[in-house]
Amino acid sequence: MVTGGGGARMAMAAWSVLSAAAVNVFLLWVFPRVSRAQTFSFPFLQPESCGHSQYFDISALSCVPCGANQRRDAGGTSCMCLPGFQMISNNGGPDFICKKCPENMKGVTEDGWNCISCPGGLTAEGKCHCPTGHILVERDVNGTLLSQATCKLCDENENSFTVPNALGNRCVRCEPTFINTSRSCTCSAPNILTGGLCFSSTGNFPSRVISSARYGDLGMSFTSEWFAKYLQSSAAACRVYANLTSCQALGNICVMNMNSFDSTTFDACRLFQFIFENTAGLRTVHSISFWRENLPWLFYGDQLGLAPQVLSTTPLPTNFSFKGENQNRKLKFVAASYDVRGNFLKWQTLEGGVLQLCPDTETRLNAAYSFGTTYQQNCEISLSKILTDFPTPIFYDVYLQYTDENQHQYIWAVPVLNLNLQYNKIFVNQDSSSSKWLLTRRIFLVDALSGRENDLGSQPRLIRIATQISLSIHLVPNTKNGNIYPPLITIAYSDIDITDPNSQSVKVSFSVSYEMNQGEAQVQTDIALGVLGGLAVLSSLLKTAGWKRRIGSPMIDLQTVMKFLVYYAGDLANVFFIITVGTGLYWLIFFKAQKSISVLLPVPAQEERLVTYVGCAFALKALQFLHKLISQITIDIFFIDWERPKGKVLKAVEGEGGVRSATVPVSIWRTYFVANEWNEIQTVRKINPLFQILTVLFFLEVVGFKNLALMDSSSSLSRSPPSYIAPYSRILRYAVSTALWLVIGIIQIMFFAVFYERFIEDKIRQFVDLCCMSNISVFLLSHKCFGYYIHGRSVHGHADTNMEEMNMNLKREAENLCSQRGLVPNTDGQTFQIAISSQMRQHYDRIHETLTRKNGPARLLSSSASTFEQSIKAYHTMNKFLGSFIDHVHKEMDYFIKDKLLLERILGMEFMEPMEKSIFYNDEGYSFSSVLYYGNEATLLIFDLLFFCVVDLACQNFVLAAFLTYLQQEIFRFIRNTVGQKNLASKTLVDQRFLI
């Protein structure tokens, strides 16, 4: 049993091996080896490139020879029998057999399967030929093939009135106009035969019509084959017989000719107008005077001033709302569509891209009809695709469907403004005044038919395309319920001369816009601008008056005027900023949050005013910022060192060989240290600029606040990818940007003031403390006779001590075992605003002139000793003079200390002029920071904000705006640090090499 089982397993293994080998051999036989080189190309052939005896094989995509007694058919993709040969076998494949007909039956039946004897001659295809007015009969009524074909004459007598049909195989009743005009099937003179119809020449109808198609874009016109064939017949049938489809066809030809009207020629629209005027006795349709019975409604009339009445007199009896139970946010447009021959096709909604040539998803196409959503669609389409998709034009009469209070369905006709319309050779609809417009009704998208010149089956010479379609909705003024006036379709056609459809393309666009009268908003803006502008003038005058007092000059000169203009620029910038921010927030809040629609966003043309205001605000704020920057880097500053020598030391005297006693020199390192600290706080701000920019960018781009700036009714921060993304509103982008920037900036300032400065670090107060510990006072002059004083005189007498004594001094001060730090005994007031007398300033300038004669000892080794010694002497002189001035040594240049009045603090000026004595005003608010970035945070914040918004309004890119804003911040910070450091070294005699 074991042996037998092993044999079976061996047999099965052998069979598996053989099977695998067989599969491999089969695969190698079926699929070529990869190592063998293969090409996957073959000759490119088209059906028309095949020979007369070849056909195009649609499977092999190549030319294949036809069989015996065969030739290529008209389509080129199959074969047919030669004349005189009948088909024996034809199954749609390559097996196609033909057989020669006998001599007594040389004709071939129409279907090609049988031979037959013909009563007359043969056609070129070998079929039987019958004379005019006869039909060919090859089979009996039951389908039995006749041995000989016969030609039957159609009966044209009054009882029958029959003629052969187009195929010549059946007698049909002749066209009714022939019978009505001539009581026969012939249209003989003097009757008129046109378009297959017969009309009497005695009727009241123009006999000579113009069949030219106008192409205004190309400045040319030519005879259209379609117009030549069907214009006169359609007009005659409409006029004489009130034929409905003929009237529609005539209207279509008028529309194809751009509804253009010329009173001197009988073109399509002139014919239509002629019929309209001669059917005045007929009733109107739906009581609309422009719509005559049996005729299409093409025009609103040609009276001047009629267009404004149609567009802005009667609101639609419906309303729209964004939110709530009865929300209505869908524009339900429907269209009655007709083919070029005037046949009614169907009622259809415009959703799904009926009027939109650009392809897109259905969701995005239908977003065009969502109320309040500004829609823009642009694309470029090849002419070959247009010719394929639109062989003949389709015409649309557009209506807006609505429901009345009783829930009854109604439609409102939507007027059309055709920019290509010519009235007596004038493009009246391109005029800026709506009173000159001529409104129309019917439109089409593509006309590739009227551009055919000689043959309707040939390629058109010219094609007319609706390249711009705009739907505009106007809100009724002062409405609270979302009432609108009738929408207006503005359409512009482009005429294209076809040379190579495969290489030619055309740009098309479709847009929907919403407008409201902005007159009231502009008046309110002008009022606010006037009032705030007047206040800005008063504020600037007060600032100028304060500046004049601070420089000690009572004269009004050119410098005073320039200073007033600079101050006014800053105040006016704030006015523009307040107005633009208020305007932007108004549109953002009231448009996005409204339920029943009462406001609509300004269109781009209406936004130009606000954009101009933003630009003015930025330019004026930039001027104010540069003025402050220049003022800060040109201040006068000096560090008063109160430290006194602690004793004398023995010092060797060069050249004398002996020693003598000299005072211990005071260390300069404390002054260097304070100067470095001052240099560091020059650009300290109350916010972190980089954090500000990144946070704003995060909320805009990541959180999605930028979606609030889209011109739609949604207040969502996110949009699904398949949905339509509306264009951005510049007003809303500005509003969202400014709101985020200001909120984040204010939060930073509050955090800095409430938490950071209290519990972590307050650099301004620390600097004041440092001055006190260093026994250094700071004397600042921002104006000629006005500045600031930081009293840093140590209460311990000396600051140049060791660590143990320093700690002991701090401990004594903490335990109130020493006097207070204030300039006035028993007070803590260390910072003051100072108004110095002119005598004090003159004395300061005399010393300062010597001090600044050389910008510090930059190269001590190479500088002349006399110059250096003179600078050192001037430094000590200035230090001694300012110290003695603070100590009331100079009675002729004394000062007194007082508090500022509340009104003085509010107005930022001093009422008392320092005549004989200087005035020190107590300053608990550390206002000396006004000569630093720290004290000008509002100006810097608004300047950065306006810079960010101006860049964004120009390029519509928040990321680029953020990058450029950060770049300009760093550039100006570098300038402020660099130039401020040089000014500090120049004014204080601190070597710039020690400012790190």
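Just so you know, these numbers come straight off a predicted model, no measurement behind them. (Residues numbered from 1 in each chain as written. Predicted model: local features only at pLDDT ≥ 70, side-chain atom pairs only at ≥ 80, totals over all residues. Heavy atoms only, no water.)

The subject of this paragraph is the state of the cysteines. The final tally for this structure, using the stated rule, is 12 disulfides. Between Cys772, a cysteine without a disulfide, and Cys771, which holds the nearest cysteine sulfur, the sulfur-to-sulfur distance is 8.7 Å. Using a relative accessible area of 2% as the deciding quantity, one classes Cys772 as buried. Cys955 forms no disulfide, and the closest cysteine sulfur to it belongs to Cys949, at a distance of 11 Å. Residue classification places Cys955 among the partly exposed positions, given a relative accessible area of 31%. (Disulfide = S-S within 2.5 Å. Buried < 20%, exposed > 50% of the residue type's maximum accessible area, 1.4 Å probe, protein only.)

This part covers the pattern of salt bridges. Opposite charge on two side chains makes pairing possible when the charged atoms of those side chains draw close. Enumeration over the complete set of coordinates arrives at 31 salt bridges. The closest approach of N and O atoms between Lys436 and Asp431, which form a salt bridge, is 3.8 Å. The exposure class of Asp431 is partly exposed, given its relative accessible area of 27%. For Glu910, the salt bridge goes to Lys900, with nearest N and O atoms at 2.8 Å. With Glu910 in the loop between α19 (902–907) and β37 (918–922) and Lys900 in the loop between β36 (895–898) and α19, this pair connects stretches of sequence that are 10 residues apart. Accessibility assignment for this pair places Glu910 and Lys900 in one class, buried. The network of salt bridges with shared partners includes Asp636, Arg841, Asp845 and Lys987. (Salt bridge = Lys/Arg side-chain N within 4 Å of Asp/Glu carboxyl O. Helix = DSSP H or I, 4+ residues; strand = E, 2+ residues; numbered from the N terminus.)

We now examine the UniProt feature "transmembrane region" (unreviewed entry) in the protein. Mapped onto this numbering, the UniProt entry gives "transmembrane region" (unreviewed entry) at residues 12–31, 565–590, 690–711, 731–755 and 940–967. For the annotated span residues 731–755, helix accounts for 100% and strand for 0% of the residues, and the straight-line distance between the end C-alpha atoms is 35 Å. (UniProt positions renumbered as here; feature names shortened; annotations may be inferred.)

It is worth spelling out the sheet that holds strand β33 (residues 776–781) at this point. Backbone hydrogen bonds are what pair the strands of a sheet, in a parallel or an antiparallel way. A sheet is described by the order of its strands in space; here 6 strands give the open sequence β30-β33-β34-β35-β37-β36, paired in mixed fashion. Strands with a single pairing partner mark the edges of an open sheet, and in this sheet they are β30 (636–641) and β36. Direction aside, the axes of adjacent strands within the sheet are offset by 25° on average. (Pairing = 2+ DSSP bridges. Axes fitted to C-alpha atoms, helices over the stretch in contact; angles between N-to-C directions.)

With that settled, consider the pairing of strand β18 (residues 288–292). Pairing of strand β17 (residues 284–285) with β18 involves 2 bridges; the strand directions are antiparallel. Bridge assignment links Val285 to a residue of β18, and that residue is Ile288.

Next up on the list: the side chain of Ser337. Among the secondary structure elements, Ser337 is positioned in strand β19 (residues 332–338). A residue is classified by how much of its surface remains accessible, and Ser337, at 1% relative accessible area, is buried. Engagement of the side chain of Ser337 in a polar contact is seen with the side chain of Gln348, the distance being 3.2 Å. If we ignore the near neighbours within four places in the chain, the residues touching Ser337 are Asn343, Phe344, Leu345, Lys346, Gln348, Ile394, Phe395 and Tyr396. (Polar contact = N/O pair within 3.5 Å; in protein donor to acceptor, adjacent residues only side chain to side chain. Contact = heavy atoms within 4.5 Å.)

Taking 1.5 Å of rise per residue, the 12 residues of helix α12 (residues 669–680) would be expected to cover 16 Å, and the 16 Å separating its terminal C-alpha atoms lies within 8% of that figure. Of all the positions in α12, only Arg670, Thr671, Tyr672, Val674, Ala675, Asn676, Trp678 and Asn679 are classed as buried. (Expected span 1.5 Å × (residues − 1).)

As a further point, take the nonpolar core. The nonpolar side chains of a soluble globular protein tend to be buried, and buried together. In terms of nonpolar packing, the biggest core is built from 136 residues, with Phe371, Val398, Ile463 and Ile465 touching the most fellow members. Setting aside chain neighbours within four positions, we find Phe371 in contact with Phe320, Phe322, Arg329, Lys330, Leu331, Ile473, Ile484, Tyr514, Ile597, Leu600 and Ser713. Counting 33 residues, the second largest nonpolar core, distinct from the first, contains Val684, Tyr926, Val931 and Tyr934. (Core = buried A, V, L, I, M, F, W, Y, C linked by side-chain atoms within 4.5 Å.)

Where nonpolar side chains cluster on the molecular surface, the patch consists of Ile746, Met750, Phe751, Val754, Phe755, Phe759 and Ile760 and spans about 740 Å² of accessible area. Within the secondary structure, Met750 sits in helix α14 (residues 730–760). Assessed through its relative accessible area of 51%, Met750 is described here as exposed. (Patch = residues over 30% accessible without salt bridge, like charges linked within 9 Å, V, L, I, M, F, W, Y side chains within 5 Å. Areas by Shrake-Rupley, 256 points an atom, 1.4 Å probe, with all protein chains shown as cover.)

Take helix α16 (residues 803–814) next. Here α16 contains 12 residues, and its C-alpha end-to-end distance of 17 Å stays within 8% of the 16 Å for a straight helix at 1.5 Å per residue. Downstream of α16 by a residue or two, Asn816 has a phi angle that is positive, lying close to 60°.

Its identity is not glycine, yet Phe161 carries a phi of approximately 50°, on the positive side. Structurally, the position occupied by Phe161 is in the loop between β10 (145–153) and β11 (162–164). We classify Phe161 as buried; its relative accessible area is 2%. Phi is positive for Met258, which is not a glycine, with a value near 65°. Note that Met258 resides in the loop between α4 (244–256) and α5 (268–277).

Our focus in this paragraph is the packing of helix α13 (residues 689–703) against helix α21 (residues 958–988). Two elements in contact, α13 and α21, have axes separated by 10 Å at closest approach and are oriented at 175°. What the angle tells us is that α13 and α21 run roughly antiparallel. Facing α13, whose interface residues are Pro689, Leu690, Ile693, Leu697, Leu700 and Glu701, α21 presents Phe958, Val959, Ala962, Thr965, Tyr966 and Gln969. (Parallel < 35°, antiparallel > 145°, perpendicular 65-115°, else oblique.)

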